[in-house]
Amino acid sequence: MKFAIGIDLGGSHITAAIVDQNGRIRARKKISFSKAPNGKHGLRLITKLIKSLIHNSSFITHNCHGVGLACPGGVDSAKGIVLADSPNLIGWKGTLIKQELEKTLKIPVFIDNDANLAAWGEKCWGAGKGARNLICLTLGTGVGGGIIIDNKIYRGSHFYAGEIGHMNVDPNGPICSCGKPGHLEALVSGPAIVERYASYTLHAPRSTLNAKHIFNLARKGDRSAQLVVNRTAHYLGIAIASLINIFDPEMVVIGGGVAQAGDILFRPLRKVVKISIMKHPYRRPKIVPARLGEDAGLIGAAALALHQRL
């Protein structure tokens, strides 16, 4: 049995897991913090976490094929360097993650953007298993994206491919977190859904709302919530139809907290996509919910290390 260690680097935690060649998590450990560490301190925490995990899991000692690390923001996956800080991780730009961890751990280390690895995890052992070409969107506080082409992660010329959340869907729409108007993230993320519902029902305080609550209200017949869900499906469907027209994937996988809404979102979403894509006699792209949940990036990171070595 072959194993790899997956690392999920977040703004409030670092999680490490031992994952076997079938995608099963065999052991995990997590460190939480109130203030995210900078690159230098973060590498020390990651090293400590991995060594502790290996020490308490004797079966991996001679079968560990490497470490994969899912990192937010821009990452040069070839050199293993963080290209830019992300909003929740300041002080990581220029950090030589691959070089430093390999020097300390004496095992191969591979890194990539967390959205890319969520897509890779779903492709290897999740909803996209068996698909050669797929696109994965993660809908939560923001909107992340990963693209798989011919069984490989597509990273682009500068390692910035897959920024699906920054597709311009409505030029007159609300301002995105990046400062540009009408991006997908500003229209279908969790905060965007809350903002839309609050604007429809002025009596509803934003502090008591979240996307899950709004979807539940829609199921119960709340008219304003239903309008919000349908509007969300409209914007998301337009974006997905454009992606299908460009990339012609077999499947679009949707993960993250918003995607847990189920049929109340997926039913109208599929209708919008069906009427918006270019017609083709054989093309039947599937739009499916993700299966790996919050572990997608963690499992995808381990898969990256395993598949680099197989």
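In this text, all values refer to a predicted model and were calculated from it rather than measured experimentally.

J.: When you look at the sheet that holds strand S4 (residues 64-71) in this model, what are you seeing that I'm missing?
T.: Taken together, 5 strands build an open sheet; the order of strands is S3-S2-S1-S4-S7 and the sheet is mixed. The open sheet has two free edges, formed respectively by strand S3 (25-32) and strand S7 (109-113), since each of these has just one partner strand. Each neighbouring strand pair of the sheet contributes to a mean axis angle of 15°, computed without reference to strand direction. Relative to S4, strand S1 (residues 3-9) runs parallel, the two sharing 5 bridges.

J.: Before we go on, may I ask you to explain the sheet that holds strand S11 (residues 251-255) in this structure?
T.: By definition, the strands of a sheet pair up through backbone hydrogen bonds, in either a parallel or an antiparallel sense. The 5 strands lie next to each other as S10-S9-S8-S11-S12, forming an open sheet whose pairing is mixed. One side of each edge strand has no neighbouring strand; the edge strands of this open sheet are strand S10 (152-153) and strand S12 (286-289). Taken together, the 6 bridges between strand S8 (residues 134-139) and strand S9 (residues 143-149) define a ladder with antiparallel strand orientation. The residue of S9 that forms the bridge with Thr138 is Gly144. Across the sheet, helix H3 (residues 114-125) is in contact with S8, S9, S10 and S11; its angle to S9 comes to roughly 55°.

J.: When you look at the packing of helix H7 (residues 223-247) against helix H8 (residues 263-276) in this model, what are you seeing that I'm missing?
T.: Running from amino to carboxyl end, H7 crosses H8 at an angle of 45°, the nearest separation of the two axes being 8 Å. The pairing of H7 with H8 is recorded here as oblique in orientation. Every pair of crossing elements has a handedness; the one defined by H7 and H8 is right-handed. Here H7 contributes Val229, Asn230, Thr232, Ala233, His234, Leu236, Gly237, Ile238, Ile240, Ala241, Ile244 and Asn245 to the contact with H8, which in turn contributes Ile264, Leu265, Pro268, Leu269, Val272, Val273 and Ser276. Taken together, the residues that form the contact of H7 with H8 break down as 13 nonpolar, 6 polar and no charged.

J.: What should I look at first to understand the nonpolar core in this one?
T.: Proteins that are soluble and globular tend to have nonpolar side chains buried together. In this structure, Leu137, Leu184, Phe215, Leu236, Ile240, Ile254 and Leu269 are the most contacted members of the largest nonpolar core, which totals 43 residues. If you list the elements that add at least two residues to this core, you get S8, S9, helix H4 (185-188), helix H5 (190-200), helix H6 (211-219), H7, S11 and H8. Looking at this core element by element, the count peaks at 11 residues for H7.

J.: Even after reading the chapter, I still don't get the side chain of Lys123, so can you show me in this structure?
T.: Mapped onto the secondary structure, Lys123 falls in helix H3. Glu250 provides the closest opposite charge to the buried, salt-bridge-free Lys123, at an N-O distance of 7.5 Å. Separated by 2.8 Å, the side chain of Lys123 and the backbone oxygen of Ala131 make a polar contact. Setting aside its immediate chain neighbours within four residues, Lys123 contacts Gly128, Lys129, Gly130, Ala131, Leu134, Ile148 and Asn151.

Conventions and cut-offs
Residues numbered from 1 in each chain as written. Predicted model: local features only at pLDDT ≥ 70, side-chain atom pairs only at ≥ 80, totals over all residues. Heavy atoms only, no water. Pairing = 2+ DSSP bridges. Helix = DSSP H or I, 4+ residues; strand = E, 2+ residues; numbered from the N terminus. Axes fitted to C-alpha atoms, helices over the stretch in contact; angles between N-to-C directions. Contact = heavy atoms within 4.5 Å. Parallel < 35°, antiparallel > 145°, perpendicular 65-115°, else oblique. Left-handed = near helix turned anticlockwise from the far one by under 90°. Nonpolar A, V, L, I, M, F, W, Y, C, P; charged D, E, K, R; others polar. Core = buried A, V, L, I, M, F, W, Y, C linked by side-chain atoms within 4.5 Å. Buried < 20%, exposed > 50% of the residue type's maximum accessible area, 1.4 Å probe, protein only. Lys, Arg positive; Asp, Glu negative; His and termini not counted. Salt bridge = Lys/Arg side-chain N within 4 Å of Asp/Glu carboxyl O. Polar contact = N/O pair within 3.5 Å; in protein donor to acceptor, adjacent residues only side chain to side chain.

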